[in-house]
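Residue strings, one per chain:
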2 protein chains.
Amino acid sequence: VTRRRIRIDLAYDGTDFAGWQVQPGLRTVQGVVEQALTRLDGDRPVRLHGAGRTDAGVHARGQVAHCDLSTAEEDAELRRALSRILPGDVRPLALSSVAANFDVRRDALEKHYRYRIDRSQAGDPFTLRYVLHHPQPLDVDRMRVALALLPGRRDWSGFAAAACTVQDRVRTLTRAEFDGIDDGEAAFDFRGDGFLTHMVRNLVGTLLEVGRGKMAPERVVEILEAGDRKLAGPTAPPQGLCLERVVYGDERGDPS
Amino acid sequence: VTRRRIRIDLAYDGTDFAGWQVQPGLRTVQGVVEQALTRLDGDRPVRLHGAGRTDAGVHARGQVAHCDLSTAEEDAELRRALSRILPGDVRPLALSSVAANFDVRRDALEKHYRYRIDRSQAGDPFTLRYVLHHPQPLDVDRMRVALALLPGRRDWSGFAAAACTVQDRVRTLTRAEFDGIDDGEAAFDFRGDGFLTHMVRNLVGTLLEVGRGKMAPERVVEILEAGDRKLAGPTAPPQGLCLERVVYGDERGDPS
């Protein structure tokens, strides 16, 4: 049987998923999509590889995954069939045949994560599942001082989860920004070549402590230098976080 | 005990409510908010009157309600307390003391309803609860011909639910529009001085039949002239519909 490599771009509402990664007995994005692909590939087991292993409750507008399929069905029809089978909270945005050596993880040049905050007093019932509601005042200038200290190539151990098992914790953060109006929606944006477990949520939790005046902006430098997670703020809750985009080079299967 | 009249502006995600109106044993917006207000008013029963009786599953960004309260608590603190008590899917956007004769229903000059449609192939997992997913082609020009025939002061019996018990079915529709891109989000907008039960959803269901080429645009005139619901299209599903705004005259308690 000839197999071909497929790239699938996915958007999902993470609320009702126990994260990306397959876990026995739990509803995960990887599990649900693998199940659908297996059905479309004549019940041959399909393994799906994701560019980012999002946590439980974390969303994606631009997750990218790859897998190998045996079906001769053309890409457009395959996307439509996948769209029909998958539930409404995980959607195949695009599907294309790519080079057999394309690898979503190894070939990713940059990932873009956004963490959304609702600063309104009342809160918005329509974004409840996708933001952290934070009506308390935030000193944005202080947060921006801290944000400006973050970009660069460094060891991020101080912002990694205790459970993070990766040995090499050196990553390059290319952008760290905060935008948003006083009494409405705001967001942190982070772009980099890779992120450790809980890294974005720990950064946000720390930056919010800075914004509330409970930590000095320079604390982020101490955390990075000491590599000590205990110096950082709490892990921000998952629902505000979204994997917006994974960037690949032109020849690496990017359909756009 | 001195009572004062209060105007409350509400936003809610209608997904988990059995509509606005109190029904025994069901979770309704009126019921949930009345319960909270009763608690804030020293356990005196509070009756809340809404400008629009939204159906089960229909949303509101600008519902307006009034009630009479005995508490001496000032408006701003009352809004904060109500915000703390109410669940995340119904939010008090504003609360203000108004003239004792202000009536949300009688004094409403205009209501604005929007019906959102997602025309993308894949669908958007983040708006799933707030749109009708309609990836099939729609002839927008045909729908606009039909929309242009709607505004005016007339009897709307042909678009009212069979269950509608109102005697006088004459209403003035001031605007009926469709906007949206081919492969993305689109919406019908309706403004008028009042709407009958299911009227917007029956209009949308009929306009979609026109857009799909299954009804002639002029059918809407036949439906209006015959006053016969059976000539119209099916009732569009509730989740796409939202009560966007209720307009009052300056002296009628409008806080803006």
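Residues numbered from 1 in each chain as written. Chains lettered and ligands numbered in written order. Predicted model: local features only at pLDDT ≥ 70, side-chain atom pairs only at ≥ 80, totals over all residues. Heavy atoms only, no water.

Caption draft 1: Up close: the overall build of chain A. In terms of regular secondary structure, chain A is built from five helices and 10 strands. The globule rule puts the C-alpha radius of gyration for 256 residues at 18 Å, and the 19 Å found for chain A is close to it. For chain A, buried positions account for 53% of its 256 residues. Of all intrachain contacts in chain A linking residues separated by at least 6 positions in sequence, the fraction that spans at least 24 positions is 71%. When the accessible surface of chain A is split by element, carbon and sulfur atoms take 47% of a total near 11300 Å². On chain A, the mean spot of the 37 positive side-chain charges and the mean spot of the 38 negative ones are 3 Å from each other. (Helix = DSSP H or I, 4+ residues; strand = E, 2+ residues; numbered from the N terminus. Rg over C-alpha atoms; globule rule 2.2 N^0.38 Å. Buried < 20%, exposed > 50% of the residue type's maximum accessible area, 1.4 Å probe, protein only. Contact = heavy atoms within 4.5 Å. Areas by Shrake-Rupley, 256 points an atom, 1.4 Å probe, with all protein chains shown as cover. Lys, Arg positive; Asp, Glu negative; His and termini not counted. Charge placed at Lys NZ, Arg CZ, Asp CG, Glu CD.)

Caption draft 2: The pairing of strand β5 (residues 110-118) of chain A, seen in detail. Residues and elements named next belong to chain A. In terms of burial, β5 is a largely internal element, seven of the nine residues being buried. One ladder, built from six bridges, connects β5 with strand β10 (residues 241-247); its direction is antiparallel. What sits directly across from H112, in β10, is R245. Relative to strand β6 (residues 132-133), β5 runs parallel, the two being bridged by two bridges. (Pairing = 2+ DSSP bridges.)

Caption draft 3: Summary view of the environment of B:L37. All names here are of chain B. Its place among the elements puts L37 in helix α1 (residues 29-40). Between the C-alpha atom of L37 and that of L82, which follows or precedes it by 45 residues, the distance is 7.2 Å. Beyond its immediate chain neighbours, meaning those up to four positions away, L37 contacts I8, V46, L48, C67, L69 and L82.

Caption draft 4: Summary view of the relation of the copies chain B and chain A. Between chain B and chain A, the superposition needs a rotation of 180 degrees and an axial shift of 0.0 Å, giving an RMSD of 0.0 Å. As the rotation angle and translation indicate, the two copies are arranged about a two-fold axis. A share of 100% of interface residues in chain B that are also interface residues in chain A marks the association as one of identical surfaces. (Least-squares fit on C-alpha atoms with pLDDT ≥ 70 in both.)

Caption draft 5: Looking closely at the packing of α1(B) against helix α2 (residues 75-85) of chain B. Residue and element names in this part refer to chain B. Taken N-terminus to C-terminus, the directions of α1 and α2 make an angle of 125 degrees; their axes are 10 Å apart at the nearest point. One element, α1, and the other, α2, form an angle in the oblique class. In this structure, α1 meets α2 at a crossing whose hand is right-handed. Of α2, the residues touching α1 (which contributes A36, L37, R39 and L40) are L78, A81, L82 and I85. (Axes fitted to C-alpha atoms, helices over the stretch in contact; angles between N-to-C directions. Parallel < 35°, antiparallel > 145°, perpendicular 65-115°, else oblique. Left-handed = near helix turned anticlockwise from the far one by under 90°.)

Caption draft 6: Structural detail: the confidence of the model for chain A. Scored by pLDDT, chain A comes out at a mean of 94, with 97% of its residues at no less than 70. The ipTM for the predicted assembly is 0.82, set against a pTM of 0.88. (pLDDT = per-residue confidence, 0-100.)

Caption draft 7: The arrangement of the packing of helix α3 (residues 140-148) of chain A against helix α4 (residues 199-211) of chain A in detail. All names here are of chain A. Orientation of α3 relative to α4, taken along the N-to-C sense of each, is 140 degrees, at an axis distance of 8 Å. As the angle between them shows, α3 and α4 are arranged oblique. Our pair here, α3 against α4, has a crossing hand that is right-handed. Of α4, the residues touching α3 (which contributes R142, M143, A146 and L147) are L207, L208, V210 and G211. A breakdown of the residues in the contact of α3 with α4 according to their chemical character gives six nonpolar, one polar and one charged. (Nonpolar A, V, L, I, M, F, W, Y, C, P; charged D, E, K, R; others polar.)

Caption draft 8: View of the interface of chain B and chain A. Taken together, the contact between chain B and chain A spans 22 residues of the former and 22 residues of the latter. Summed over both partners, the interface of chain B with chain A buries about 1700 Å², with 64% contributed by carbon and sulfur atoms. For the interface between chain B and chain A, the tally reads zero salt bridges. At the junction of chain B and chain A, the tally comes to two residue pairs in polar contact (both at pLDDT 80 or more). Broken down by secondary-structure element, the contributors of at least two residues to the side of chain B that touches chain A are β1 (4-12), β3 (59-69), α2 and β4 (90-98) of chain B. (Buried area = accessible area lost by both parts, 1.4 Å probe. Salt bridge = Lys/Arg side-chain N within 4 Å of Asp/Glu carboxyl O. Polar contact = N/O pair within 3.5 Å; in protein donor to acceptor, adjacent residues only side chain to side chain.)

Caption draft 9: Broad picture of the side chain of A:E244. Within the fold, A:E244 resides in strand β10. The residues contacting A:E244, other than those within four sequence positions of it, are A:R61, A:G62, A:H112, A:Y113 and A:R114.

Caption draft 10: Spotlight on the pattern of salt bridges. Residues and elements named next belong to chain A. Scanning the model with the defined rule gives 33 salt bridges over all chains in all. With its nearest N and O atoms 4.0 Å apart, the salt bridge here joins E244 to R61. Of this pair, E244 sits in strand β10 while R61 sits in strand β3 (residues 59-69), placing them 183 residues apart in sequence. Taking relative accessible area as the criterion, E244 reaches 18% and is therefore assigned buried. In this structure, a network of salt bridges that share partners links the residues E77, R80 and R84.

Caption draft 11: Examining helix α5 (residues 219-226) of chain B more closely. All names here are of chain B. Every buried residue of α5 is listed here: V220, I223 and L224. Down the axis, α5 shows its buried residues gathered within 95 degrees of arc, on one side only. Looking at the residues trailing α5, positive phi occurs at G227, about 60 degrees. (Arc of directions from axis to C-beta.)

Caption draft 12: Main features of the environment of A:L48. All names here are of chain A. Mapped onto the elements of the fold, L48 is located in the loop between α1 (29-40) and β2 (49-50). In the structure, L48 is positioned 63 residues away from K111 in sequence and 19 Å away in space, judged by C-alpha atoms. Not counting residues up to four positions away in its chain, the partners in contact with L48 are I8, W20, Q30, V33, E34, L37, A65, H66 and C67.

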